[in-house]
Amino acid sequence: MKTIFKKHLVTFLCVLVSSLVTIGCHEKEEYVEIDPDFIFKPDSLKMQGQYIITAPKLPFDQDFYNNSRNYYQKADTMLTFKGYREKMSYEQKKSEGWCLLDWRIKSISVITLVDYDSSHPEGSSLNDLLGIKYWYKFTEVEKPLSSLKYGELMLGDYYPYHNQWSPKQSLYLFFLNQDKPWLESASYEVHIEDAFGRTTVLKQ
């Protein structure tokens, strides 16, 4: 009986400690379920350092929004964010205005315009050296460019009510080997192909 009691006591204490840790982790957070206000097409792309950015204020296209929602509903993609976020006042939530960018990217290639090294002469891809980061549903996502496939970079966070560009609504390129400095200006270009039939070439 004592052995059984000890086992139950240990189990109870483990559950209690786990609950207290969970409560402590979410002390400054709250559970929310949020639908994006709108969905935008990421137009007017340009390079800003290692960032691929859109215009801070994209025009709203009702037809694109409707088509985008229908597309993801048919794909059985949950657009609603469900989880813990930092506690915010009503005014903060109202002014944040969480929306989504429908990137729907098929491929990204970073092409060197100079002889980068013996394995990467002028005109070759640097994808095997690079990764990409972006934000989706308030979480940073990181992927190596060499293995990026269609369907992996579809939606990203966007805040159209902010007056300034934010890194949390952009794509960020980086070397997988963090010791390498970023590429010099005019030494590379980025080719982006999306599912809307567009191929965009960006230069720093």
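Undergrad: So what's going on with the packing of aromatic side chains? Residues and values would help.
TA: Applying the stated criterion to the full structure yields 16 aromatic pairs. Taking 6.2 Å as the distance between ring centres and 20° as the angle between the ring planes, the aromatic pair formed by Tyr116 and Phe175 counts as stacked. Here Tyr116 is found in the loop between β7 (105–112) and β8 (130–136), whereas its partner Phe175 is found in strand β11 (residues 171–175), with 59 residues between them in sequence. Owing to a relative accessible area of 26%, Tyr116 belongs among the partly exposed residues under this scheme. Among the aromatic side chains, those forming a connected cluster through ring pairs are Phe38, Phe40, Phe60, Tyr65 and Tyr158. Of note, Arg85 hangs over the ring of Phe138, and the distance from its end group to the ring centre comes to 3.6 Å. Above the ring of Trp135, the side-chain terminus of Lys168 is found at 4.6 Å from the ring centroid.

Undergrad: Please provide a residue-by-residue account of helix α2 (residues 62–74), values included.
TA: Its 13 residues place the ends of α2 18 Å apart at the C-alpha level, agreeing with the 18 Å of an ideal helix rising 1.5 Å per residue. Those residues of α2 that fall on the buried side of the exposure criterion are Phe64, Tyr65, Ser68 and Tyr72. Along α2, the residues classed as buried sweep out an arc of 100° about the axis, all on the same side. Away from the buried face of α2 by more than 90 degrees, exposed residues Asp63, Asn67 and Lys74 are located. Structurally, α2 contributes buried residues whose contacts are with β2 (39–40), β6 (99–102) and β10 (155–158). Of the residues flanking the start of α2, the one acting as N-cap is Asp61, its side-chain oxygen 3.0 Å from the backbone nitrogen of Asp63.

Undergrad: Please give an account of the pattern of salt bridges that cites residues and values.
TA: This structure, assessed with the given rule, holds 6 salt bridges. Its salt-bridge partner being Arg198, residue Asp43 comes within 2.4 Å of it at the nearest N-O pair. One end of the pair, Asp43, is in the loop between β2 and β3 (46–48); the other, Arg198, is in the loop between β12 (188–194) and β13 (199–203), and 155 residues separate them in sequence. We classify Arg198 as partly exposed; its relative accessible area is 25%. The residue Lys203 makes a salt bridge to Glu189 at a minimum N-O spacing of 3.6 Å. Here Lys203, found in strand β13, pairs with Glu189, found in strand β12; they are 14 residues apart in sequence, far enough to count as distant.

Definitions and limits used
- Residues numbered from 1 in each chain as written.
- Predicted model: local features only at pLDDT ≥ 70, side-chain atom pairs only at ≥ 80, totals over all residues.
- Heavy atoms only, no water.
- Phe/Tyr/Trp six-rings, centres within 6.5 Å; stacked < 30°, edge-to-face > 60°.
- Helix = DSSP H or I, 4+ residues; strand = E, 2+ residues; numbered from the N terminus.
- Buried < 20%, exposed > 50% of the residue type's maximum accessible area, 1.4 Å probe, protein only.
- Lys NZ or Arg CZ within 6 Å of the ring centre and 35° of its normal.
- Expected span 1.5 Å × (residues − 1).
- Arc of directions from axis to C-beta.
- Contact = heavy atoms within 4.5 Å.
- Polar contact = N/O pair within 3.5 Å; in protein donor to acceptor, adjacent residues only side chain to side chain.
- Salt bridge = Lys/Arg side-chain N within 4 Å of Asp/Glu carboxyl O.

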